[in-house]
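Structural overview
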Amino acid sequence: MLLIASAGLSQAQAPVRPSGSLPALGDTSELTASAERRLGDRIASSIYRDPDYLDDPVLGDYLQSIWQPLMAAARARGELGAELDERFAWEIMLIRNRTVNAFALPGGYLGVHLGLISAVENRDELASVLAHELIHVTQRHISRLITKQNQQMPWLLAAMILGMMAAGKNPDAANAAITGAQALSVQNQLNFSRDMEREADRIGFGVMADAGYDRQGFASMFDKLQQASRLNDNGSYPYLRSHPLTTERIGEAKSRLQLEAPAPLAVSPEAGRARLVHAMMAGRAHVLGNAGVEALRFALAEAQRVPAAAVLTQRQAGALYAGTLAATRLRDHGEARSLVDKLKTAAAASPLMAQAVELLSLETDIAAGRAAQAARLSSVNSRAAVLLQSQADLAAGRPQDVSDRLQTWVTSHPKDAMAWQLLATAQGQQGQTLRAIRSDAESRVAQLDYGAARDRLKAAQDLMRSGRDTGSGAGAHIDGSIIDTRTREIDQLLRQQALQEKLDR
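The text that follows walks through the structure, step by step, so that each part is easy to find. Because the structure is a prediction, the values reported are computed rather than measured. (Residues numbered from 1 in each chain as written. Predicted model: local features only at pLDDT ≥ 70, side-chain atom pairs only at ≥ 80, totals over all residues. Heavy atoms only, no water.)

Brief notes about the overall build of the protein
The test is simple: Helix and strand assignments come from DSSP, with helices taken as H or I runs of at least 4 residues and strands as E runs of at least 2, each series counted from the N terminus. Burial here depends on accessible area, computed with a 1.4 Å probe over protein chains only, as a share of the maximum for the residue type. Under 20% is buried, over 50% is exposed, and the range in between is partly exposed. Contacts are residue-level and defined by heavy atoms, with any inter-residue pair within 4.5 Å sufficient. Note on areas: these come from Shrake-Rupley sampling with a 1.4 Å probe, and a residue is covered only by the protein chains present in the view.
Helices and strands together make up the secondary structure of the protein, namely 20 helices and 5 strands. Counting every position in the protein, which comprises 505 residues, the buried fraction comes to 50%. Sequence separation of 24 or more characterises 72% of the internal contacts of the protein that already satisfy a separation of 6 or more. Roughly 23000 Å² of accessible area belongs to the protein as shown, and the carbon and sulfur atoms make up 54% of that amount.

Below you can see the structure in the form of structure tokens.
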């Protein structure tokens, strides 16, 4: 679909300018920011229900650690204005797909395939892709594509009608007329898309550099794309492609690097350990994207060949992490414990590595049924830590701890669907039926499934009217008031949604 701008990084020769939005193409969009967000919400709601959508808090936190500096740099440069910053979702969605790809959707949603994370060698290469996709959104590229399609539709429709009218006399002429109309429309669209790709790369390069990432990652990422699947370099005529030739992009990126003043390279030991953390996250993405038994056994065998050592190479760290996760999925819990202990030895001198290994260790304990005996996380200040510790507490029979933690968390993170689901489980274990139903409804709201949320809230209202024990005790009146208010709000959202869909037809 032309609504999706896939990652294909290119570099234009013009210097990066820290100016306002739309420095090259101009904003020709007729779609408002609110309308684009509504369109993005519709697409995102479908992705949430797709079995290939993955909410993995560990990988999600890692992506956010790369994404947030890019967002800050885009704001500082004036590329991300206040209106889009406020109105758009700015959410990264993980897709369980082994291909090397990322894409931007309307309204500030971005998709990242697990294959991309497992293929890149460092944070800088991943940042180059995210910066590219960020600029697709800030420059309103998707909105402009929609506008251009709408402008061409009357002409295209007329040509196709003429073709059908000619079908009775000359079928070949009819087919030629239809094909010609479609080909010219597609050619015009591809030309526009190439300009957008160059703009996204030019500005994205500056955003990435300002965010503190090594600009060499931009050029090396092209090599990755070329090796991964010969992306957009399949021998077709260059002018029929939506992206410039990969070889051209590599040359342009390297030319830009030569023109830019060299940035000082990070030489601290922690910078090297950051590469080890990336290797572990790449290993995680590889295992989560390859669930077959043979793939898991291969990852385990690779890890078993890594010797215990206080210092690991990037490849060894990734192999140990992937092997631990693979052993857990194969239910070889003894081997998983042995492998994670090797990682702990190497992570002892690095807080950055130690945090990632600590989360993995708790994950293996939960899977092995040792949640009650597992050590509590030393720090519960990230989404992954909050949710993983909550899973451990539920498995260990500590639902009150989970409720206390997650009530605070969802107050400041109301769109966290997984947190609401875990909270609902904890409340259900405590016999708080009404609150559990409401939390379940909020998890549906977080994933834009307002119809399912309304059904759950209606069920909660029916429970209140039935006079049965709701588990709320003295707080039943307050819980009931909250549920009634949320039901009215969701009903209003559904009415507005239906009206907007009618207007959009």
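Quick word on the pattern of salt bridges
Convention followed: When a carboxyl oxygen of Asp or Glu lies within 4 Å of a side-chain nitrogen of Lys or Arg, that pair is called a salt bridge.
One pass over the structure, following the stated rule, counts 28 salt bridges. For Asp393, the salt bridge goes to Arg376, with nearest N and O atoms at 3.1 Å. Taken as a pair, Asp393 in helix H15 (residues 383–395) and Arg376 in the loop between helix H14 (351–367) and H15 lie far apart in primary sequence, 17 residues in all. For Asp393, a relative accessible area of 0% gives the class buried. Ionic pairing is found between Glu442 and Arg486, a salt bridge with its closest N-O pair at 2.7 Å. Placement of the pair is Glu442 in helix H18 (residues 433–446) and Arg486 in helix H20 (residues 476–504), with a sequence separation of 44 residues. The exposure class of Glu442 is buried, given its relative accessible area of 6%. Using a relative accessible area of 18% as the deciding quantity, one classes Arg486 as buried. Overlapping salt bridges bring together Arg337, Asp341, Asp365 and Arg370 as one network.

Examining helix H12 (residues 314–329)
Stated precisely, the cut-off is as follows: Any helix carries an expected span of 1.5 Å times its number of residues minus one.
With 16 residues, H12 should cover 22 Å at 1.5 Å per step; its first-to-last C-alpha distance of 23 Å lies within 8% of that length. Counting buried positions along H12 yields 12 of 16 residues, so the element is predominantly enclosed. Looking one or two places after H12, you find Arg331, whose phi comes out positive at around 65°.

Section: the packing of H12 against helix H13 (residues 333–347)
Let me state the cut-off plainly: Helix axes are fitted only over the stretch in contact, all axes being lines through C-alpha atoms; the angle between N-to-C directions runs from 0 to 180 degrees. In this scheme, roughly parallel covers angles under 35 degrees and roughly antiparallel covers those over 145, while 65 to 115 is roughly perpendicular and the rest are oblique. With the far helix as reference, a near helix turned anticlockwise by less than a right angle produces a left-handed crossing, and one turned clockwise produces a right-handed crossing. We call Asp, Glu, Lys and Arg charged. Ala, Val, Leu, Ile, Met, Phe, Trp, Tyr, Cys and Pro are nonpolar, and the rest, Gly among them, are polar.
Where H12 meets H13, the axes come as close as 8 Å, and the angle between the chain directions of the two elements is 155°. By the angle between their directions, the pair H12 and H13 is classed as roughly antiparallel. In this structure, H12 meets H13 at a crossing whose hand is left-handed. Mapping the contact onto sequence places Ala317, Leu320, Tyr321, Gly323, Thr324, Ala327 and Thr328 in H12 and His333, Glu335, Ala336, Leu339, Val340, Lys342 and Leu343 in H13. Of the residues assigned to the contact of H12 with H13, the class counts are 8 nonpolar, 4 polar and 2 charged.

Examining empty space enclosed by the protein
Our working definition: In the cavity and pocket records, a cavity denotes points on a 1 Å grid over the protein atoms alone where a 1.4 Å probe fits but cannot get out, a pocket denotes an open set with protein on both sides within 12 Å along at least 5 of 7 lines, and lining residues are residues with an atom within 4 Å of a point. Grid points are joined across faces, edges and corners, and a volume is the space filled by probe spheres set on the points.
This structure, assessed with the given rule, holds 1 cavity of 30 Å³ or more. Considered as a void within the structure, the largest cavity measures approximately 30 Å³ in volume. Contributing to the lining of the largest cavity are Gln355, Glu358, Leu359, Leu377, Ser379 and Ala385. Ranked by residues supplied to the lining of the largest cavity, first place goes to H14 with 3 residues. A class-by-class count of the residues in the lining of the largest cavity yields 3 nonpolar, 2 polar and 1 charged.

A word on the packing of aromatic side chains
Our working definition: Under the pairing criterion, centres of Phe, Tyr and Trp rings, with the six-membered ring standing for Trp, must be within 6.5 Å; the plane angle then separates stacked pairs below 30 degrees from edge-to-face pairs above 60, leaving the rest tilted.
Taken as a whole and assessed by the stated rule, the structure comprises 4 aromatic pairs. Residues Trp67 and Trp90 carry aromatic rings whose centres are separated by 6.5 Å and whose planes lie at 40° to one another, so their mutual orientation is tilted. Here Trp90 lies in the loop between helix H3 (82–87) and strand S3 (91–95) and Trp67 lies in helix H2 (residues 57–77), a separation of 23 residues in the sequence. Across the pair, exposure class does not vary: Trp67 and Trp90 are buried alike.

Some points on the nonpolar core
We apply this condition: In this description, a nonpolar core means a group of buried Ala, Val, Leu, Ile, Met, Phe, Trp, Tyr and Cys residues linked to one another through side-chain atoms lying within 4.5 Å.
Judged by nonpolar contacts, the single largest core of 88 residues is most densely connected at Leu70, Trp90, Leu116, Met280 and Met281. The element contributing the most residues to this core is H2, with 10 residues. Sequence-distant contacts of Trp90, that is, excluding residues within four places in its chain, are made with Trp67, Met71, Leu80, Leu84, Asp85, Gly107, Gly108, Leu134, Val137 and Thr138. Judged by nonpolar contacts, the second largest core, of 22 residues, contains Ile95, Leu105, Leu457 and Ile490.

Observations concerning helix H19 (residues 450–466)
Here H19 spans 24 Å end to end across 17 residues, near enough to the 24 Å set by a 1.5 Å rise per residue. Residues of H19 that are buried: Tyr450, Ala452, Ala453, Leu457, Ala460, Gln461 and Leu463.

Section: the environment of Arg456
Summarising the element assignment, Arg456 is placed in helix H19. Sequence-wise, Arg456 and Arg438 are 18 residues apart; in three dimensions their C-alpha atoms are separated by 7.0 Å.

Some remarks on the packing of H13 against H14
Their axes nearest at 10 Å, the elements H13 and H14 cross at an angle of 165°. With respect to H14, the element H13 is oriented roughly antiparallel. Note on packing geometry: the crossing formed by H13 with H14 is left-handed. For the pair H13 and H14, the contacting residues are His333, Ala336, Arg337, Val340, Leu343, Lys344, Ala346 and Ala347 in the first and Met353, Ala354, Val357, Leu360, Ser361, Thr364, Asp365 and Ala367 in the second. Classifying every residue of the contact of H13 with H14 gives 10 nonpolar, 3 polar and 3 charged.

Re the layout of surface pockets
A water-sized probe, rolled over the atoms, reveals where empty space remains. The calculated volume of the largest pocket comes to roughly 1100 Å³. Lining the largest pocket are 42 residues, with Tyr48, Glu91, Arg383, Lys415 and Asp416 positioned closest to its centre. Those elements giving two or more residues to the lining of the largest pocket turn out to be helix H1 (33–48), strand S2 (53–54), H2, S3, helix H16 (399–412), helix H17 (417–429), H18 and H20. Of the residues that constitute the lining of the largest pocket, the class distribution is 23 nonpolar, 6 polar and 13 charged.

Description of the environment of Tyr48
Topologically, Tyr48 is positioned in helix H1. Judged by relative accessible area, Tyr48 falls into the buried class, the value being 9%. Each C-alpha atom, one on Tyr48 and one on Arg444, is 9.9 Å from the other, the two residues being 396 residues apart in sequence. Discounting chain neighbours no more than four positions away, the residues touching Tyr48 are Tyr53, Glu91, Met93, Tyr109, Ala446, Gln447 and Leu448.

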